Amino acid sequence: MKDQKEEYSNESYLESVICTSCNKHYSPTQKLGLCPACNKVLFAQYNLERAQESFSRNTSNRSYDIWRFLEIMPVVNPKFRYTLGEGWTPILNLRNAGEHSGLKNLHLKEEGYNPTGTFKSRGLCAAVSKGIELGIHDFVIPTAGNAGAALAAYAACTGTKAHVFMPDDTPSFLQSEVIALGGELTLIPGLITDAAAQVQIAIENQGWFDVSTLKEPYRVEGKKTMGLELLEQFNWQVPDVIVYPTGGGTGIVGMWKAFTELEELGIIGSERPRMVTVQSSTCAPIVRAFEKGRKTAEFWKNAKTFAPGLRVPAAIGDYLILNALYESKGTAVVVDDSEIILAIKELAKLEGIMQAPEGASTYAGVRKLVESGEIDSSELVILFGTGSGFIYPSLWKDIFLEQNNI
Ligand SMILES: *Cc1c(COP(=O)(O)O)cnc(C)c1O
Ligand SMILES: [Zn+2]
């Protein structure tokens, strides 16, 4: 007899890895990066028919971390399901900010409560755990900042190595965080794309495993838990709009994958939220591509913005992000850095929430969409507060104490 706690199986139904572009299948026991055949993004694929039997709506006796949804997570052996308590972040009802911006049902998923203060921990938890299951001990990452800290944290707790390459003008707190967590930090002049080029050289010389955004199949599996959780927290009801600050886009891509899987599991129907990308007006490759109706984005020259997570001039998963925007009948919007600063201030004063600039940009974006009539006042709108304000202490000093124009 199974006791109550054993109601669900302990199994991952990971079946294969499939290319999002050429549809080739690969064995999930292989170490995989991009598709060996066409160099595009690979996705983990599960046997959802079998997973359906144990993945029930009632998940109340499960752990409150990303492994809660273990049937559709990639780690097979439970001993490799590492955790620092990432995930199961609260959804805050923004009553005051909602009223201020003309929305009756405005919420924020507070990802700042994750380990290392951003949603990045979800993806790196999944990638490092799965990597260790596949026998990997040295991980390397190019980062605008937060992904490096998250990798270092999971490398520390699993006894593996984090090699982190970041632009040399990344906020100093993020640099010291990587070092504090035992990561090996290399500073690169330029942007995240320049750091990525250095990572390629290091991989060839050192044989380290690349956990760059969407360049291996498993980080996005961690990110998809944002979508799974969000729906579970709303009792498997699908919100009208999700607003997401977009850099490399794994958040949008991961959530979109989650919704597809939930439909195949019979948990939701074909309804979907409208997915909205917010980018900075000074680095907006996805918004520009969306406005032109393109399937891929062009490299954004002279990318700059004080929101490090949004300073991504080219995204390898551009076609997947744009596809989610088009299929969901969503949209894409730019905000100026000055509007982000105003949003940071308003979230703090009106709601008691200290968000990072990236997360706050969603509030700036939603205000524009209400004004333009693209979001209706009664719609259920979810902002993704992707990071805590506390990870950029110098920024708060600049905004509130020195009144600098940043
Ligand atoms: C990385 C990052 C983003 C961008 O996320 P993607 O999923 O790569 O688009 C947004 N906000 C914060 C705080 C980040 O660290
Ligand atoms: Zn392919």
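Given the structure is predicted, the values throughout are model-derived calculations rather than measurements.

1. Points about the domain arrangement of the chain
For step 1, the next point in the chain: Segmenting the chain into domains produces domain 1 (14-80), domain 2 (91-117 + 217-404) and domain 3 (120-210).
For step 2, the next point in the chain: Once you take the C-alpha centre of each, domain 2 and domain 3 turn out to be 24 Å apart.
For step 3, the next point in the chain: Counting from both sides, the interface comprises 23 residues of domain 2 and, opposite them, 27 residues of domain 3.
For step 4, the next point in the chain: Where domain 2 abuts domain 3, roughly 2000 Å² becomes buried across the two surfaces, and 62% of that area is made up of carbon and sulfur atoms.
For step 5, the next point in the chain: A per-residue breakdown of the area domain 2 buries against domain 3 is headed by Thr116, Arg219 and Arg311, which together make up 33% of the total.
For step 6, the next point in the chain: One salt bridge connects Glu111 with Arg122, and the closest N-O pair in it is separated by 2.7 Å.

2. Examining the pairing of strand E11 (residues 274-280)
Every regular strand shows the same layout, with side chains that alternate between the two sheet faces.
For step 1, the next point in the chain: Most of E11 is tucked away, with six of its seven residues classed as buried.
For step 2, the next point in the chain: Pairing of strand E10 (residues 241-245) with E11, which is carried by five bridges, proceeds in the parallel orientation. The partner of Ile242 across the bridge, within E11, is Met275.
For step 3, the next point in the chain: This β-α-β element, E10 to helix H8 (residues 250-264) to E11, shows right-handed connectivity.
For step 4, the next point in the chain: With five bridges connecting them, E11 and strand E12 (residues 331-335) associate as parallel partners. For Thr277, the partnering residue across the bridge sits in E12 and is Ala332.

3. Let's talk about helix H10 (residues 318-327)
For step 1, the next point in the chain: Among the 10 residues of H10, seven are classified as buried, and the element is accordingly described as predominantly covered.
For step 2, the next point in the chain: Where H10 ends, the next residue or the one after it, Lys329, has phi of about 60°, a positive value.

4. Description of the site of ligand 1
For step 1, the next point in the chain: Taken together, 15 residues surround ligand 1, and among them Lys120, Asn146, Gly247, Gly249 and Thr386 come closest.
For step 2, the next point in the chain: The contact in question runs from an oxygen atom of ligand 1 to an N or O atom on the side chain of Tyr244, over 3.0 Å.
For step 3, the next point in the chain: Contacts to ligand 1 include Gly248, whose backbone N or O atom sits 3.1 Å from an oxygen atom.
For step 4, the next point in the chain: Relative to its free-state accessible area of 380 Å², ligand 1 is covered by the protein chains to the extent of 96%.
For step 5, the next point in the chain: Mapped onto the shell around ligand 1, the elements with two or more residues apiece are E10 and H8.
For step 6, the next point in the chain: Partitioned by chemical class, the residues of the shell around ligand 1 number three nonpolar, 10 polar and two charged.

5. Quick word on the sheet that holds strand E8 (residues 184-188)
For step 1, the next point in the chain: The four strands are arranged E8-E7-E6-E9 in an open sheet whose pairing can be described as parallel. Looking at strand neighbours, the two that pair on one side only are E8 and strand E9 (209-210), the edges of this open sheet.
For step 2, the next point in the chain: Here strand E6 (residues 138-142) pairs with E9 via two bridges, running parallel. Bridge pairing links Val140 to Asp210 in E9.
For step 3, the next point in the chain: Of the strands in this sheet, E6, strand E7 (161-167), E8 and E9 are in contact with helix H6 (residues 192-206), which crosses E6 at around 155°.

6. Things to note about helix H5 (residues 172-180)
For step 1, the next point in the chain: Burial in H5 covers these residues: Leu174, Gln175, Glu177 and Val178. All buried residues of H5 project into a common sector of 160° when viewed along the axis, lining one side. In H5, the exposed positions that point more than 90 degrees away from the buried face belong to Ser172, Ile179 and Ala180.
For step 2, the next point in the chain: Considering only its buried residues, H5 is in contact with helix H4 (146-158), E7 and E8.
For step 3, the next point in the chain: Just past H5, the residue Gly182 takes up positive phi, approximately 85°.

7. Points about the packing of aromatic side chains
For step 1, the next point in the chain: Taken as a whole, this structure holds seven aromatic pairs when the rule is applied.
For step 2, the next point in the chain: Taking 6.4 Å as the distance between ring centres and 80° as the angle between the ring planes, the aromatic pair formed by Trp256 and Phe259 counts as edge-to-face. Of this pair, Trp256 and Phe259 both sit in helix H8, three residues apart, which is roughly one turn of the helix. Like Trp256, the residue Phe259 is buried in the burial classification.
For step 3, the next point in the chain: A network of ring pairs unites the aromatic residues Phe55, Phe69 and Trp236 as a single cluster.
For step 4, the next point in the chain: Over the face of the ring belonging to Trp88 we find Arg68, whose NZ or CZ atom lies 4.2 Å from the ring centre.
For step 5, the next point in the chain: Taking NZ or CZ as reference, Lys257 lies 5.4 Å from the ring centre of Phe43, over its face.

About the thresholds
- Residues numbered from 1 in each chain as written.
- Chains lettered and ligands numbered in written order.
- Predicted model: local features only at pLDDT ≥ 70, side-chain atom pairs only at ≥ 80, totals over all residues.
- Heavy atoms only, no water.
- Domains from an automatic or database assignment.
- Contact = heavy atoms within 4.5 Å.
- Buried area = accessible area lost by both parts, 1.4 Å probe.
- Salt bridge = Lys/Arg side-chain N within 4 Å of Asp/Glu carboxyl O.
- Buried < 20%, exposed > 50% of the residue type's maximum accessible area, 1.4 Å probe, protein only.
- Helix = DSSP H or I, 4+ residues; strand = E, 2+ residues; numbered from the N terminus.
- Pairing = 2+ DSSP bridges.
- Right-handed = clockwise from strand over helix to strand, strands pointing away.
- Near = heavy atom within 4 Å.
- Polar contact = N/O pair within 3.5 Å; in protein donor to acceptor, adjacent residues only side chain to side chain.
- Areas by Shrake-Rupley, 256 points an atom, 1.4 Å probe, with all protein chains shown as cover.
- Nonpolar A, V, L, I, M, F, W, Y, C, P; charged D, E, K, R; others polar.
- Axes fitted to C-alpha atoms, helices over the stretch in contact; angles between N-to-C directions.
- Arc of directions from axis to C-beta.
- Phe/Tyr/Trp six-rings, centres within 6.5 Å; stacked < 30°, edge-to-face > 60°.
- Lys NZ or Arg CZ within 6 Å of the ring centre and 35° of its normal.

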